[in-house]
Amino acid sequence: MGLEDLQHNFLTGRLEDLVKWARRNSVWPATFGLACCAIEMMSLGAADFDISRLGMEVFRASPRQADLMIVAGRVSQKMAPVLRQVYDQMMEPKWVISMGVCASTGGMFNNYAIVQGVDQIVPVDVYAPGCPPSPETLLHAILTLHEKIRSGEITRRPRAEQSGSEPARPERPAGWLLEDPDALRVGTPR
Amino acid sequence: MALGFLGGFKLTFEHLGRRRVTRQYPDEKRPKQPRQHGRHVLNRYEDGMEKCIGCELCAGVCPADCIYVRGLDNPPDHPVSPGERYGYIYEINYLRCIHCDLCVEACPTEAITESKLFEFSFTNRADAIYTRDELLVGDDGRPQRLPWEDWRPGDDLLTSGWMRATSPSGAAAYEGEVQWSGELGYGVRAPEGGQSGRRDDVATGTKSLREVMEAHLVPEDIPIEHLGLRGRLARAKESARKKRDKLVSSRRRRTEARVGR
């Protein structure tokens, strides 16, 4: 039985708060730097910004032990399957921060070699803008993620096949605003 | 043997006595560079008219194609900008913008400049597109403080003008002189200087930043005038000045309190 089978009452409500508090304060990122943004990510781990204050100083070398993937840098078409594999190897619950404009939308690399937005491959929770984002921006993104963990459900993204019925999909905005990660497959970039 | 074991801790013990460098970010921020490139602002004139004339030069020059502008003819009875047209759609996608400031260089009316704000993040892509209403400055010339951004005092200062490193033509004779017009809400910006020595570091905020950084520089990066006897003299002068300033300000506060009573 997973946590998603729990019925809600006062006790489980408090338990949920506790679980969320614990998750929020030990988000361990995966060691996964792709480009220049990774330098800023490293400086976030260094003494000046010191994310061990937030309980996430351990950049895990194994995706099995990581909760958070910070996609730091542009993702090339060749790197995309690798990125997806690292994401798939991470244990639930897991989150993704798309750091920098290249990871978020391709940025100024609007060409055939770069994936135009990492949300085509993995579901992204928080986007950090900037080229590269300063460590402060990444910290802001991490705090946004904390807020998202705090206010969200403890079970992550119940899929249609798990909950039994098709959840009502929100209406799509403009065509390029892809919010639905399920609709995309690896290896067939658009 | 025992000494060798302790010798490994030399670095640790050295660092025990040093000043702590960690900034407690959400509570405390590093000072920003005086010409940091951050979120854009769309400026106004003193009479409230928008500076943007909808010429789309910024959109044309943008290497990341993050700006979308549409110009429209000014309505004759209530014009929005002094020019023939105005930008009635102005959108910047911050998940594409690389803050290169080429739009600021291209703008013929200084309508678009960059503030020093760099702390913002989004949870979906649609939120990252800033519209004209969000980018426009308020009536006082200061950028709007949008709720999802992390503004601190000083971040919105001197954002409505932007000055090139030397002069617009690159002539060294103009270095350190204000080339741009006065800014709404801020007056005229202090000139920055480079090689010529004609500079006002206090007004431009450059010097304070350098002081913050110097304590953590490697020795060969510290300027020569801050080393040795000269450096000691400079530091003594500096601390005397600080003490004097402190004394003067406390005296003034006391006088003010007395006057207030």
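Small disclaimer: the values here were computed from a predicted structure and weren't measured. All residue numbers refer to positions counted from 1 along the written sequence of the respective chain. Labels are handed out in written order, letters beginning with A for the chains and numbers beginning with 1 for the ligands. Where totals are concerned, whole chains, interfaces and linings use all residues; where local detail is concerned, this predicted model gives features only for residues with pLDDT of at least 70, and gives and counts side-chain atom pairs only at 80 or more. Think of the side-chain values as coming from all heavy atoms in the structure, minus any hydrogens and water.

S.K.: What exactly am I supposed to notice about the overall build of chain A here?
M.R.: What counts as a helix is a DSSP run of H or I of at least four residues, what counts as a strand is a run of E of at least two, and both are numbered from the N terminus. Counting secondary structure elements, chain A contains six helices and three strands. From first element to last, N terminus to C terminus, chain A shows the α and β order α-α-β-α-β-α-β-α-α. Only protein chains enter the accessibility calculation, which uses a 1.4 Å probe; a residue whose area is less than 20% of its type maximum is buried, one above 50% is exposed, and one in between is partly exposed. Going through the 190 residues of chain A one by one, you find that 46% of them count as buried. Pairs at least 24 residues apart make up 75% of the contacts formed inside chain A by residues separated by at least 6 positions. Note on definitions: a residue-residue contact is assigned when non-hydrogen atoms from the two residues lie within 4.5 Å.

S.K.: How should I be thinking about the pattern of salt bridges in this particular structure?
M.R.: Two side chains carrying opposite charge are able to pair once their charged atoms lie near each other. Here a salt bridge means any side-chain nitrogen of Lys or Arg lying within 4 Å of a carboxyl oxygen belonging to Asp or Glu. By the definition in use, this model includes 14 salt bridges over all chains. Two residues, Glu16 of chain A and Lys20 of chain A, come together in a salt bridge whose shortest N-O distance is 3.6 Å. Here Glu16 of chain A pairs with Lys20 of chain A, and both are found in helix α1 (residues 10-24), just four residues apart, close to one helical turn. Its relative accessible area of 12% is what places Glu16 of chain A among the buried residues. Exposure remark for Lys20 of chain A: the relative accessible area of 8% places this residue in the buried category. Between Glu119 of chain B and Lys29 of chain B there is a salt bridge, and its shortest N-O distance comes to 2.7 Å. Here Lys29 of chain B lies in the loop between α2 (10-16) and β1 (40-42) and Glu119 of chain B lies in the loop between β4 (112-114) and β5 (129-130), a separation of 90 residues in the sequence. Here the salt bridges do not stand alone but share partners, grouping Glu238, Arg241 and Asp245 of chain B into one network.

S.K.: So what exactly am I meant to see when it comes to the sheet that holds strand β2 (residues 67-73) of chain B here?
M.R.: Either a parallel or an antiparallel arrangement is found when strands of a sheet pair, and the pairing is made through backbone hydrogen bonds. All names here are of chain B. Strand pairing requires that DSSP identify at least two bridges connecting the strands. Sheet architecture is open: three strands sit in the order β2-β3-β5, paired in antiparallel fashion. Strands at the two margins of the open sheet, each flanked by one partner only, are β2 and β5. Pairing of strand β3 (residues 85-93) with β5 involves two bridges; the strand directions are antiparallel. From the neighbouring strand, Ile92 faces β5, where its bridge partner is Tyr130.

S.K.: What should I look at first to understand the confidence of the model for chain B in this one?
M.R.: Should the pLDDT be low somewhere, the predicted coordinates at that spot are not to be read in detail. Residues and elements named next belong to chain B. Per-chain confidence: chain B averages 79 in pLDDT, with 75% of residues scoring 70 or above. Across the chain, each position has a pLDDT score giving the predictor's confidence in that residue, from 0 to 100. Averaged pLDDT values for the elements of chain B fall to 56 in helix α7 (residues 206-214) and rise to 92 in helix α3 (residues 57-61). Every residue in residues 165-170 scores below 50 in pLDDT, and together they form five contacts with partners more than four places removed in sequence or on other chains. Confidence metrics for the complex model read pTM 0.74 and ipTM 0.73.

S.K.: Got a minute to help me understand a positive patch on the surface in this structure?
M.R.: A contiguous patch of positive charge, built from Arg251, Arg252, Arg253, Arg254, Arg258 and Arg261 of chain B, is present on the exposed surface. Examined against the element boundaries, Arg252 of chain B turns out to sit in helix α8 (residues 228-260). Here, patches come from residues exposed beyond 30% relative accessible area and free of salt bridges, joined within 9 Å for like charges and within 5 Å for nonpolar side chains (Val, Leu, Ile, Met, Phe, Trp, Tyr). Note on areas: these come from Shrake-Rupley sampling with a 1.4 Å probe, and a residue is covered only by the protein chains present in the view. By the counting rule applied here, Lys and Arg register as positive and Asp and Glu as negative, while His and the ends of each chain are not counted. In plain terms, the charge of a residue is placed at NZ if it is Lys, CZ if Arg, CG if Asp and CD if Glu.

S.K.: Which parts of the structure should I look at to understand the environment of Tyr86 of chain B?
M.R.: Residues and elements named next belong to chain B. Structurally, Tyr86 is set in strand β3. Relative accessible area serves as the criterion here: at 10%, Tyr86 is assigned to the buried category. Counting along the chain gives 11 residues from Tyr86 to Pro75, while the straight-line C-alpha distance between them is 9.5 Å. The contact partners of Tyr86, leaving out residues within four places of it in the chain, are Cys52, Ile53, Gly54, Arg70, Gly71, Leu72, Asp73, Asn74, Pro75, Val80, Ser81 and Arg132.

S.K.: Looking at this structure, I do not really get unusual backbone geometry. What am I missing?
M.R.: The phi angle of most residues is negative, glycine excepted, and most peptide bonds adopt the trans form. Residue Pro93 of chain A is reached from Glu92 of chain A by a cis peptide bond, and omega for that bond is -5 degrees. Cis geometry marks the peptide bond from Cys131 of chain A to Pro132 of chain A, where omega comes out at -10 degrees. Its location among the elements puts Pro132 of chain A in the loop between β3 (126-128) and α5 (135-151). Of note in this structure, Glu56 of chain B is not a glycine but carries a positive phi near 65 degrees. Among the secondary structure elements, Glu56 of chain B is positioned in the loop between β1 and α3. Since its relative accessible area comes to 26%, Glu56 of chain B is described here as partly exposed. For Asp101 of chain B, which is not a glycine, the phi torsion comes out positive at approximately 70 degrees. Examined against the element boundaries, Asp101 of chain B turns out to sit in the loop between β3 and α4 (102-106). Residue Asp101 of chain B is classed as buried on the basis of its relative accessible area, which comes to 2%.

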